[in-house]
Amino acid sequence: MNTWNYGYFTESTYTYGYYRELNPVFQKFCLLAKSFAAPEANENENYCELGFGQGVSLNIHAAANLGNFFGTDFNPAHAAHANELCSASGSGGKFFDDSFEEMLNRSDLPRFDSINLHGIWSWISTENQKIIVEFARKFLNPGGTFYNSYNCYPGWSPAAPLRELFVLHDKYAQKSKKTYERVEEAMKFTEELLAKKPAYFGRVPDVAKIFESTRKHDHDYLAHEYFNRDWICMYFTDVVELLEDAKLEFTCTAEVVEALEHLSIQRDALDFLNQIEAPVMREQVKDYFINRQFRKDIFIRGARRISAYERITRLMNTNYVLMSTDPLPEKFQVAVGEISLAKDVCDKIREHLASQNYRPKNFSEFLKKNQDISAQNIEQILIILVHNGNVAPCQPDAAAKLVKPKCDALNKYFCTRAKNSGDINFMASPITGGGITVNRFEQLFLGALADGKKSANTIASSIWEILSEQGQALLQNGKRLETPEENIAQLKDMAQDFLDKRLPILKALQIA
Ligand SMILES: C[S@@+](CC[C@H](N)C(=O)[O-])C[C@H]1O[C@@H](n2cnc3c(N)ncnc32)[C@H](O)[C@@H]1O
């Protein structure tokens, strides 16, 4: 029995996810969109992630940003993996396998400008939550950011008893079986119970639907999400009150579209909210209106507001990059329903960002040339496009240039790893300071390009060599392609599509 894990689920390691909410460039964009001052990136900034899992996000951010990166995850397998990525990039990150308590007591840490935890808070004990607050109190600089994501009420209220059922089944019925079996049995038990129509589930009509979507997750995810000893769901106001001890103040969420309140909440709800004077109460009531289940909050130790003029000027002077060669969508799904954006303005924005081979650009010159379009209009469209992932905010050119060698080294490692494994589907962009989804085949195509293969034909043949050596083959309509010719023909089509549509963007992002 482990003694170091505080009841945290450590029998299987965590997934290889990447989260843009942890990217300092993205966080600064969220803050700016809500008129909060965010410092320019600089080489002396100190960043810390608590509970970094496999360390994919942390390593991508350490490679793609200026500053010094620190982090901890008490699972030594996670820390070892994070350190492997760290050696690959040469970022110089300091990633430990300390518990939060050990991290708090270290005497070799600097003061941080940014402390981050994603997917931690709801799955640790009250004591560990207090340790994290104390960590922020002791180590966060004035003006520093604190990012925290967590399960919240009221959105979780119908499903919280489901989670309790899984854990109770695990506690009382499990007989030291493997993770997969324990999770599977708890799921089966719940399924059977639901079929007997207990009154609780009848009264809360969404529970069956929630269970169905829960069941679709893989067993590792389910184990980490639901089978920890601790699972503490909170109201926003409870978290705010705890973090007050570290002098932290709520600023905004990393759901950046929420900066545009008229799109994230219905008009009559907004009128109601606007009568509430206390900002914390207003934000809490918003969770009732949208039935929020998960929050991604950015706090600041000493938040400073900037004027609307400064916000717009800074947003217009920020560089942006398109994330796809496809046309921009004509309709967007936001909380208030489906919206369409002014097509003529969107077309001009896309044309501007696509010019000069998709090189990142700001909107200050654009505005001078297009006097019929207002900065406010562009600001709104950019926020929606960033939220939707069509466009990403960029860091200044000088910073991108400095971090490029670290990104190149990490990306080379990812492309080599893709030969054997499809587990990490992200690469580091010096332009956005963050991770970009690049799947295994795209990583293999990039690897082949770096090895001097230029045409779809030569790329396809070289990748077939890698796959066939491992007894792997492609699938078409769910059927394994058997002959080398069939596989190479499909790889060639995929490679051509990649060269035409994807490569231009990966070049603009300086991943290729
Ligand atoms: C749900 S995972 C999230 C990982 C990562 N932040 C992500 O979102 O991909 C939580 C992580 O926190 C780590 N963890 C939990 N309790 C901890 C503690 N007391 N000290 C250090 N790490 C802890 C676990 O090992 C696990 O990797």
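Source: prediction; values computed, not measured.

**Notes on a nonpolar patch on the surface**
Point 1. There is a patch of nonpolar side chains on the surface, built from Phe-272, Phe-289 and Ile-290 and spanning about 260 Å² of accessible area.
Point 2. Examined against the element boundaries, Phe-272 turns out to sit in helix H13 (residues 267-273).

**As for the state of the cysteines**
Point 1. With the rule as written, the count across this model stands at zero disulfides.
Point 2. Here Cys-86 is not disulfide-linked; the sulfur of Cys-407 is the nearest cysteine sulfur, at 13 Å.
Point 3. Take Cys-86: its relative accessible area is 7%, and that puts it in the buried class.
Point 4. The cysteine Cys-152 is free of any disulfide, with Cys-233 supplying the nearest cysteine sulfur at 6.3 Å.

**Focus: a negative patch on the surface**
Point 1. Among the surface-exposed residues, Asp-238, Glu-241, Glu-244 and Asp-245 lie close enough to one another that they form a single negatively charged patch.
Point 2. Among the secondary structure elements, Asp-238 is positioned in helix H11 (residues 236-243).

**Observations concerning the domain arrangement of the chain**
Buried accessible area, meaning the area lost when the parts come together, often serves as the stated size of an interface.
Point 1. Under the domain assignment used here, the chain contains domain 1 (20-154 + 233-301), domain 2 (160-226), domain 3 (321-393) and domain 4 (407-508).
Point 2. Measuring from the centre of the C-alpha atoms in domain 1 to the corresponding centre in domain 4 gives 33 Å.
Point 3. The interface is formed by 14 residues belonging to domain 1 together with 16 residues belonging to domain 4.
Point 4. Of the roughly 1,100 Å² buried at the junction of domain 1 and domain 4 (both faces included), carbon and sulfur atoms supply 69%.
Point 5. In this structure, the connection of domain 1 to domain 4 is made through zero salt bridges.
Point 6. For the pair domain 1 and domain 4, the interface holds four residue pairs in polar contact (both at pLDDT 80 or more).
Point 7. Breaking the side of domain 1 that touches domain 4 down by element, the ones donating at least two residues are helix H2 (56-64) and helix H3 (76-89).
Point 8. Residue contributions to the side of domain 1 that touches domain 4 peak at six residues, all from H2.

**Re the side chain of Glu-379**
Point 1. For Glu-379, the location among the structural elements is in helix H18 (residues 375-388).
Point 2. Note on Glu-379: relative accessible area 7%, which makes it buried.
Point 3. There is a polar contact of 2.6 Å between the side chain of Glu-379 and the side chain of Arg-311.

**Here's the deal with the packing of aromatic side chains**
Point 1. The final tally for this structure, using the stated rule, is 23 aromatic pairs.
Point 2. A ring pair is formed by Phe-146 and Phe-299, whose centres lie 6.5 Å apart and whose planes are at 70°; its orientation type is edge-to-face. In this pair, Phe-146 sits in strand S5 (residues 140-151) while Phe-299 sits in strand S7 (residues 294-301), placing the two residues 153 residues apart along the sequence.
Point 3. The buried category is assigned to Phe-146, whose relative accessible area is 0%.
Point 4. Under the relative-accessibility criterion, Phe-299 is labelled buried at 0%.

**Digging into the environment of Ile-298**
Point 1. Its location among the elements puts Ile-298 in strand S7.
Point 2. Taking the C-alpha atoms as reference points, Ile-298 and Asn-116, 182 residues apart in sequence, are found 9.1 Å from one another.

**Some words on helix H20 (residues 440-450)**
Point 1. Of all eleven residues in H20, eight are buried, a share of seventy percent or more.
Point 2. Looking at the packing, one finds that the buried side of H20 touches helix H19 (397-417), strand S12 (426-429), strand S13 (434-437), helix H21 (456-469) and helix H22 (484-508).
Point 3. For H20, the N-terminal cap is Asn-439; the gap from its side-chain oxygen to the backbone nitrogen of Phe-441 is 3.1 Å.
Point 4. The positive-phi residue at the C-terminal boundary of H20 is Gly-452, with phi of around 95°.

**Side note on the sheet that holds strand S2 (residues 68-72)**
Pairing between the strands of a sheet is mediated by backbone hydrogen bonds and can be parallel or antiparallel.
Point 1. Here we have seven strands laid out as an open sheet, ordered S3-S2-S1-S4-S5-S7-S6, and mixed in their pairing. Where the open sheet ends on each side, the last strands, each with one partner, are strand S3 (94-96) and strand S6 (248-253). Across this sheet, the average inter-strand angle for adjacent strands is 15°, counted without regard to direction.
Point 2. When strand S1 (residues 46-50) meets S2, the two strands line up parallel, connected through five bridges. Residue pairing across strands places Asn-46 opposite Asn-68, the latter belonging to S2.

The rules behind each value
Residues numbered from 1 in each chain as written. Predicted model: local features only at pLDDT ≥ 70, side-chain atom pairs only at ≥ 80, totals over all residues. Heavy atoms only, no water. Patch = residues over 30% accessible without salt bridge, like charges linked within 9 Å, V, L, I, M, F, W, Y side chains within 5 Å. Areas by Shrake-Rupley, 256 points an atom, 1.4 Å probe, with all protein chains shown as cover. Salt bridge = Lys/Arg side-chain N within 4 Å of Asp/Glu carboxyl O. Helix = DSSP H or I, 4+ residues; strand = E, 2+ residues; numbered from the N terminus. Disulfide = S-S within 2.5 Å. Buried < 20%, exposed > 50% of the residue type's maximum accessible area, 1.4 Å probe, protein only. Lys, Arg positive; Asp, Glu negative; His and termini not counted. Charge placed at Lys NZ, Arg CZ, Asp CG, Glu CD. Domains from an automatic or database assignment. Contact = heavy atoms within 4.5 Å. Buried area = accessible area lost by both parts, 1.4 Å probe. Polar contact = N/O pair within 3.5 Å; in protein donor to acceptor, adjacent residues only side chain to side chain. Phe/Tyr/Trp six-rings, centres within 6.5 Å; stacked < 30°, edge-to-face > 60°. Pairing = 2+ DSSP bridges. Axes fitted to C-alpha atoms, helices over the stretch in contact; angles between N-to-C directions.

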